[in-house]
Amino acid sequence: MVTCRDDPCGFVCIIITYCAVLYADYVVVNWLIIPSSMSSSLWGAFHALIFNTIVLCLTVAHFRAVLSDPGIVPLPTAAIDFSDVRTGQPMKSRIDRVSGQSWTVCQKCEAYRPPRAHHCRICRRCVRKMDHHCPWINNCVGEFNQKYFIQFLFYVGMASLYSIIVLIIAWSGECPSCKDMDEKNARIAHSIVLVVISLLFGLFVAAIGCDQISAIFEDETLVEQVKNRGHQRTATQRTKMDLLREVFGNGPMWYWMIPCRSTQYRRFIPPSFNV
Ligand SMILES: [Zn+2]
Ligand SMILES: [Zn+2]
């Protein structure tokens, strides 16, 4: 299912992301690789190819994170009497006969939701294993798209790191076209902006990536961390590999960062309640 939120903040963040990525690509190729001595050898083509491959993977992962269904809980097809919810009385949770799990009522959606689903104010729906709503993908990060979100963070980090590496190589070698002072000054200005963008985005995604990995290992989403703050919680008994496979799928580990492979969505099982 393709989804898209009408959140202005989300649209602005997506435009900023693509402007930064396109600008970084322009500077790396036109102001660092082409004017330097790298362009006279195969090294120039090699660095341009690697950087553009990272940018391509970043774009595919981003598109998938933006357009994928994060795990929106369907609204009931049959009419359910939620009058208790409207009058403020909490309705009892119901046990799903199939999974044996306890489903609760979302007062805003007026629908039953599975354990670990949370309501997102911006999406205005409950999302399975909701982690947080991210304006940079204009979507929730949930059970079905967390993999693409982490891939996006990974490739932004890679692009930031690789642009700094190309910059160091370019400035440590000869620059035949830098005899013109205007050219040289423009190259310096673009390089400074590139360093600032790379550091800002690189450190930002590194911090969010660490949060994501620690949330996976704790088996507790960011929303749950906030809700459970101050409460005693029993540590998960599952292994770190099991928890990672739940997000990245059961394929080999080198597949985990490939954005072209679609996640095997676990089928949504309609609840069969013990009333
Ligand atoms: Zn809801
Ligand atoms: Zn959301």
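Residues numbered from 1 in each chain as written. Chains lettered and ligands numbered in written order. Predicted model: local features only at pLDDT ≥ 70, side-chain atom pairs only at ≥ 80, totals over all residues. Heavy atoms only, no water.

Concerning the overall build of the protein
Cut-off, in case you're wondering: Helical segments are the DSSP runs of H or I of at least four residues, strand segments are the runs of E of at least two, and each set is numbered from the N terminus. Contact criterion: two residues are considered in contact whenever any of their non-hydrogen atoms come within 4.5 Å of each other. Per-residue accessibility takes into account occlusion by the displayed protein chains alone, with areas from the Shrake-Rupley method and a 1.4 Å probe.
Scanning the protein for helices and strands turns up 7 helices and 8 strands. Summarising the internal contacts of the protein: among those between residues at least 6 apart in sequence, 66% fall at separations of at least 24. Summed over its atoms, the accessible surface of the protein is roughly 15400 Å², and 64% of this surface lies on carbon and sulfur atoms.

Quick word on the coordination of the zinc ion (ligand 1)
Rules: Donors, by definition, are the N, O and S atoms found within 2.8 Å of a metal, the threshold being 3.2 Å for Na, K and Ca, and water is not counted, so a site can look incomplete. Angle rules define the geometry names used: all angles between 85 and 135 degrees makes four donors tetrahedral, while opposite donors over 155 degrees apart and all other angles between 65 and 115 make four donors square planar and six octahedral, leaving every other case irregular.
Looking at the zinc ion (ligand 1), the protein donor atoms are Cys106 (SG), Cys109 (SG), His119 (ND1) and Cys126 (SG), and they sit 2.1 to 2.3 Å from it. Of note is the zinc ion (ligand 1), whose 4 donor atoms meet at the metal with angles of 97 to 123° in an arrangement that counts as tetrahedral. In the primary sequence, the donor residues of the zinc ion (ligand 1) line up as C-x2-C-x9-H-x6-C.

Looking at the coordination of the zinc ion (ligand 2)
Taken together, the protein ligands of the zinc ion (ligand 2) are Cys120 (SG), Cys123 (SG), His133 (ND1) and Cys140 (SG), with distances of 2.1 to 2.2 Å. For the zinc ion (ligand 2), the 4 donor atoms are set out with angles of 102 to 115° between them, so the coordination reads as tetrahedral. Donor residues binding the zinc ion (ligand 2) come from one chain and are separated in sequence as C-x2-C-x9-H-x6-C. With a gap of 20 residues between them, Cys120 in strand 4 (residues 118–120) and Cys140 in strand 7 (residues 139–141) connect regions that are remote in the sequence.

What about the nonpolar core?
How we decide: Think of a nonpolar core as a cluster: buried Ala, Val, Leu, Ile, Met, Phe, Trp, Tyr and Cys residues, connected wherever their side-chain atoms sit within 4.5 Å. Burial classification: accessible surface area is computed with a 1.4 Å probe over protein chains only, and a residue below 20% of its type maximum counts as buried, one above 50% as exposed, and the rest as partly exposed.
Judged by nonpolar contacts, the single largest core of 35 residues is most densely connected at Leu32 and Ile137. Looking at this core, the elements with two or more residues in it are helix 1 (8–33), helix 2 (42–67), helix 4 (146–172) and helix 5 (181–218). Ranked by the residues each element gives to this core, the list is headed by helix 4, at 11 residues. For Ile137, the residues in contact, after removing those within four places along its chain, are Ile14, His62, Ala65, Val66, Asn145, Phe149 and Phe152.

What about the packing of aromatic side chains?
Rule in force here: Each aromatic pair joins two rings of Phe, Tyr and Trp (for Trp, the six-membered one) with centres within 6.5 Å, and gets the label stacked for planes under 30 degrees apart, edge-to-face for over 60, and tilted for any other angle.
A complete count under the given rule lists 8 aromatic pairs for this structure. Ring geometry for Tyr23 versus Tyr26: centroids 6.4 Å apart, planes at 45°, classification tilted. Pair noted here: Tyr23 and Tyr26 are both in helix 1, with a separation of 3 residues, about one helical turn. Judged by relative accessible area, Tyr23 falls into the partly exposed class, the value being 22%.

What about the UniProt feature "transmembrane region" (unreviewed entry) in the protein?
How we decide: UniProt positions are given in the numbering used here, feature names are shortened, and annotations may be inferred rather than shown by experiment.
UniProt annotation of "transmembrane region" (unreviewed entry) refers to residues 12–34, 40–61, 152–173 and 188–208 when read in the numbering used here. In this annotation, residues 40–61 is assigned 91% helix and 0% strand; the end-to-end C-alpha distance for the span is 33 Å. Annotated as 100% helix and 0% strand, the span residues 188–208 places its first and last C-alpha atoms 30 Å apart.

Examining a nonpolar patch on the surface
Quick reminder of the rule: Residues qualify for a patch when their relative accessible area is over 30% and they have no salt bridge, like charges being joined within 9 Å and the nonpolar side chains of Val, Leu, Ile, Met, Phe, Trp and Tyr within 5 Å. The rule for a salt bridge is simple: a side-chain nitrogen of Lys or Arg has to be within 4 Å of a carboxyl oxygen of Asp or Glu.
Together, Trp171, Ile188, Ile192, Val196 and Leu200 line one region of the surface with nonpolar side chains, adding up to about 450 Å² of accessible area. No other element matches helix 5, which puts 4 residues into the nonpolar patch. Here Ile192 lies in helix 5.

Side note on the packing of helix 1 against helix 2
The condition is simple: Axis definition: a line fit to C-alpha positions, over the contact stretch in the case of helices; interaxial angles, taken between N-to-C directions, run 0 to 180 degrees. Comment on the angle field: the value is read as roughly parallel under 35 degrees, roughly antiparallel over 145, roughly perpendicular from 65 to 115, and oblique elsewhere. Each residue gets one of three labels, nonpolar for Ala, Val, Leu, Ile, Met, Phe, Trp, Tyr, Cys and Pro, charged for Asp, Glu, Lys and Arg, and polar for the others, Gly among them.
Look at helix 1 against helix 2: their axes get within 10 Å of each other, and the N-to-C directions meet at 175°. Relative to helix 2, helix 1 is oriented roughly antiparallel. Here Ile14, Tyr18, Val21, Ala24, Asp25, Val28, Val29 and Ile33 of helix 1 lie close against helix 2, whose contacting residues are Gly44, His47, Ala48, Phe51, Asn52, Val55, Leu58, Thr59, His62, Phe63 and Val66. For the contact of helix 1 with helix 2, the residue count by class is 13 nonpolar, 5 polar and 1 charged.

Examining the environment of Ile169
Summarising the element assignment, Ile169 is placed in helix 4. Here Ile169 falls in the partly exposed class, since its relative accessible area comes to 33%. Between the C-alpha atoms of Ile169 and Ile33, which are 136 residues apart in sequence, the distance is 9.1 Å.

As for the side chain of Thr17
Relative to the helices and strands, Thr17 resides in helix 1. The exposure class assigned to Thr17 is buried, which follows from its relative accessible area of 4%. For Thr17, the contacting residues outside a window of four places in its chain are Trp136 and Phe152.

What to know about the pairing of strand 2 (residues 102–106)
On any regular strand, side chains alternate: one points to one face of the sheet, the next to the other face. In plain terms, the rule: Strand pairing is assigned whenever DSSP detects at least two bridges linking the two strands.
By the bridge criterion, 3 bridges tie strand 2 to strand 3 (residues 111–113) in an arrangement that is antiparallel. The residue bridging Thr104 from the neighbouring strand is Arg113, located in strand 3. Hairpin connection, strand 2 to strand 3: the antiparallel pair is bridged by 4 residues, and Glu110 has positive phi, about 55°.

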